[in-house]
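Topology and contacts: notes
Listed below are the residues making up each chain.
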Amino acid sequence: VHGERFDQIVDLCEEPRTVADISRELFGRLSGYNVLLGLEEAGAHVEYLHLRGALVAANLEEIEHQRNPAIHFVRA
């Protein structure tokens, strides 16, 4: 199941996406506490893929020059 989810996320990141974007794509519109759960799950998968080199940050200049920007991930 996780392998399929990883493939889905890498495919979604053909275009730069934030963790929030990815969460919405994976789980649709969530409400209440489920929003946090969706963000945490999407974030954990993105972190795993980033650490293994499958995703990279697409907006490095923004990250360098802004305070707390949203990171946009793209397929490596």
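Attention here is on the structure that accompanies the text. (Residues numbered from 1 in each chain as written. Predicted model: local features only at pLDDT ≥ 70, side-chain atom pairs only at ≥ 80, totals over all residues. Heavy atoms only, no water.)

Moving on: the packing of helix α1 (residues 2–12) against helix α3 (residues 33–51). Following both chains from N to C, one finds α1 and α3 inclined at 80°, their axes separated by 10 Å at the closest point. Relative to α3, α1 is oriented roughly perpendicular. Contacts from His2, Arg5, Phe6, Ile9 and Val10 of α1 reach α3 at Glu41, His45, Val46, Tyr48 and Leu49. A class-by-class count of the residues in the contact of α1 with α3 yields 6 nonpolar, 2 polar and 2 charged. (Axes fitted to C-alpha atoms, helices over the stretch in contact; angles between N-to-C directions. Helix = DSSP H or I, 4+ residues; strand = E, 2+ residues; numbered from the N terminus. Parallel < 35°, antiparallel > 145°, perpendicular 65-115°, else oblique. Contact = heavy atoms within 4.5 Å. Nonpolar A, V, L, I, M, F, W, Y, C, P; charged D, E, K, R; others polar.)

With that settled, the discussion passes to the nonpolar core. Listed in full, the 12 residues of the largest apolar core are Phe6, Ile9, Val10, Leu12, Cys13, Ile22, Leu26, Ala42, Val46, Leu49, Leu55 and Phe73. Mapped onto this core, the elements with two or more residues apiece are α1, α2 (19–27) and α3. Considering each element in turn, this core owes the most residues, 4 residues, to α1. Every residue in contact with Leu12, bar those within four places of it in the chain, is listed here: Arg17, Ile22, Glu25 and Leu26. (Core = buried A, V, L, I, M, F, W, Y, C linked by side-chain atoms within 4.5 Å. Buried < 20%, exposed > 50% of the residue type's maximum accessible area, 1.4 Å probe, protein only.)

This brings us to the side chain of Thr18. Structurally, Thr18 is set in the loop between α1 and α2. For Thr18, the residues in contact, after removing those within four places along its chain, are Ala70, Ile71 and His72.

What follows covers the packing of α1 against α2. Where α1 meets α2, the axes come as close as 11 Å, and the angle between the chain directions of the two elements is 125°. With respect to each other, α1 and α2 are oriented oblique. Classified by chirality, the crossing of α2 by α1 is right-handed. Contacts between α1 and α2 involve Arg5, Gln8, Ile9 and Leu12 on the former and, on the latter, Ile22, Glu25, Leu26 and Phe27. Along the lines of polarity and charge, the residues of the contact of α1 with α2 split into 5 nonpolar, 1 polar and 2 charged. (Left-handed = near helix turned anticlockwise from the far one by under 90°.)

Every α-helical turn comprises 3.6 residues, leaving residues that sit three or four positions apart pointing alike. Among all positions of α2, only Ile22, Ser23 and Leu26 are buried. Down the axis of α2, the buried set is contained in an arc of 100°. They therefore lie on one face. Residues of α2 that are buried sit in contact with α1 and α3. Once α2 finishes, Gly28 follows within two positions and takes phi at roughly 75°, a positive value. (Arc of directions from axis to C-beta.)

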